[in-house]
Amino acid sequence: MTIRAQVAGVGHYLPERIVPNAEFEQTLDTSDEWIRTRSGIERRHFAAEGQATSDLASRAAEAALADAGLQPSDIDALIVATSTPDLTFPSVATMVQAKLGMQTGFAFDVQAVCAGFVYALTNANALITSGTARRVMVIGAETFSRILDWQDRATCVLFGDGAGALILEAQEAAGTPQDRGILAVDLHSDGRYRDLLYVDGGVSTNSIGHLRMEGKEVFRHAVSKLAATAEAALEKAGLGASDIDWVVPHQANIRIIAGTAKKLGLPMEKVVVTVQDHGNTSAASIPLALSVAKSEGKFSPGDLVVTEAIGGGLAWGAVALRW
Ligand code: UT7
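Quick summary incoming for the structure in this document. None of these values were measured; they are calculated from a predicted model.

Definitions and cut-offs
- As a convention, each chain's residues are numbered from 1 in the sequence order in which they are written.
- Restriction of local features to residues with pLDDT of at least 70 applies here, the model being predicted, together with a cutoff of 80 or more for giving and counting side-chain atom pairs; totals for whole chains, interfaces and linings are based on all residues.
- Hydrogens and waters are ignored; side-chain quantities use all the structure's heavy atoms.
- Starting at the N terminus, helices and strands are each numbered in turn, a helix being any DSSP run of H or I of at least four residues and a strand any DSSP run of E of at least two.
- Exposure classes here rest on a 1.4 Å probe applied to the protein chains alone. A residue is buried below 20% of its type maximum, exposed above 50%, and partly exposed in between.
- We call two residues contacting when some pair of their heavy atoms lies within 4.5 Å.
- Cavity and pocket criteria rest on a 1 Å grid covering protein atoms alone: a 1.4 Å probe that fits but cannot get out defines a cavity, protein on both sides within 12 Å along at least 5 of 7 lines defines an open pocket, and an atom within 4 Å of a point defines a lining residue.
- Grid points are joined across faces, edges and corners, and a volume is the space filled by probe spheres set on the points.
- Each residue gets one label: Ala, Val, Leu, Ile, Met, Phe, Trp, Tyr, Cys and Pro are nonpolar, Asp, Glu, Lys and Arg are charged, and the others, such as Gly, are polar.
- Where each domain begins and ends is defined by an automated method or by a domain database.
- Think of it this way: DSSP has to see at least two bridges between two strands before they count as a pair.
- Axis angles are defined between N-to-C directions and span 0 to 180 degrees, where every axis is a line fitted to C-alpha atoms and, for a helix, only to the segment in contact.
- For the purposes of this section, nonpolar cores are sets of buried Ala, Val, Leu, Ile, Met, Phe, Trp, Tyr and Cys residues that join through side-chain atoms within 4.5 Å.

We now examine the side chain of Ser291. Turning to its location among the elements, Ser291 is positioned in helix 10 (residues 285–295). Its relative accessible area of 6% is what places Ser291 among the buried residues. Once residues within four sequence positions are removed from consideration, Ser291 is found in contact with Val10, Gly11 and His12.

Put into structure tokens, the structure is as follows:
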């Protein structure tokens, strides 16, 4: 008998304020046309003043609990993937725990920037398959608007705020590639690429800092590394790219998403794309896309879903799961 971490529920939350590309034309030498054609982004949501990452995360968590028909007390562990925590500590996860009124279990944050959700899913899978936890809530939540340099047109037009949540639950399975739940994971990081995507401040340097990115270089790494990690996760699962029903990629740039799909030999009909509406929401982008796709009725039980992401570190990885 094998224990698999199966999806029990999914949900998301987006802040009310929607900012179309045209709004940046008023303050920057940019255009709706440039942003659309170079990134695929049309609009993004920004958190209101006073609205913190834990607020967004809690709303997404509530939506996932409702979707699963569960109570906060049914959750054994809560993991938040974020690079934009409310405070240096405690973790956003413990704040969400309190906001949900959850007095049991344990909660912690994972920081792997845009790959954060894939890293958090991997942690959740390990907790479940080791018998440490039966139900794990995995949240990706970000307020990247707080770390953007509004004078830097090459970065500030690309990011957005939001949160998505997924509940994973232990289920007995046969131990075959046909099982529902997480089938395989593949993670990588390479700290030599630190300067390609980073925030130029932090706790031990006494500042908050702003996001800095060598976009072209990150782009170059993204397409090759994302296709390779997706293929590696599939191979570990005993499957191949032709078995994929849906790819749910990190939503950074439509050209990266399309380039990766092409490398995997997949038509765009099998790719979930939300970048036009959300921009790049870092660790929140995959659970947001999963939740939107589910609400559109895209997934059927038994569908093979592959998620893949890359971001600051560089850190990247993929998860193959059967819905
Ligand atoms: O989530 C983490 C991972 N992050 C990513 O995956 C992002 C990866 N990178 C990208 O998505 C793309 O590289 C960008 C969207 C950031 C940029 O697209 P690009 O095709 O690589 O453009 P570029 O950086 O080569 O810039 C082309 C031109 C430059 O002008 P010159 O030097 O050719 O005169 C830029 O200065 O576009 C200029 N530019 C802009 N023009 C209008 C840069 N930003 C803007 C802007 N509006 N907002």
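Each pocket or cavity is described by its volume, and for the largest pocket that value is around 950 Å³. Around the largest pocket, the lining is made up of 34 residues, and of these Ser83, Thr84, Pro85, Ile147 and Ile208 lie nearest the centre. Of all the secondary-structure elements, those providing two or more residues to the lining of the largest pocket are strand 5 (106–110) and strand 9 (197–199). Per element, the largest residue contribution to the lining of the largest pocket is 3 residues, and it comes from strand 9. Of the residues belonging to the lining of the largest pocket, the class tally is 15 nonpolar, 15 polar and 4 charged. Here the lining of the largest pocket gathers at least three residues from each of two domains, domain 1 (2–173) and domain 2 (181–322). Within this model, the second largest pocket holds a volume of roughly 660 Å³. What lines the second largest pocket is a set of 29 residues, and nearest its centre among them are Leu158, Met213, Gly215, Lys216 and Asn253. Every element with two or more residues in the lining of the second largest pocket is listed here: helix 2 (32–39), helix 6 (153–156), helix 7 (215–236), helix 8 (254–264) and strand 12 (304–311). Here the lining of the second largest pocket gets 6 residues from one element, more than from any other, and that element is helix 7. Both of domain 1 (2–173) and domain 2 (181–322) provide at least three residues apiece to the lining of the second largest pocket.

Strand order across the open sheet formed by 5 strands is 1-7-6-4-5, with mixed pairing between neighbours. Each edge of the sheet is formed by a strand with only one pairing partner; in this case those strands are strand 1 (2–13) and strand 5. Here the strands of the sheet are splayed against their neighbours by 20° on average, with no regard to which way each runs. Here strand 1 runs beside strand 7 (residues 161–173); their pairing, made up of 11 bridges, is antiparallel. What sits directly across from Ile3, in strand 7, is Glu172. Its contacts with the sheet put helix 10 on strand 1, strand 6 (135–143) and strand 7, and the angle it makes with strand 1 is roughly 85°.

A separate point is the nonpolar core. In globular proteins that are soluble, nonpolar side chains generally tend to be buried together. Judged by nonpolar contacts, the single largest core of 39 residues is most densely connected at Val136, Leu166, Leu168, Leu290, Phe299 and Trp323. The element that contributes the greatest number of residues to this core is helix 5 (residues 116–129), accounting for 8 residues. No fewer than three residues from each of domain 1 (2–173) and domain 2 (181–322) sit in this core. Every residue in contact with Val136, bar those within four places of it in the chain, is listed here: Ala77, Ile79, Ala124, Leu127, Ile128, Leu166, Ile167 and Leu168. With 30 residues, the next largest nonpolar core counts Phe144, Leu196, Leu197 and Val275 among its residues.

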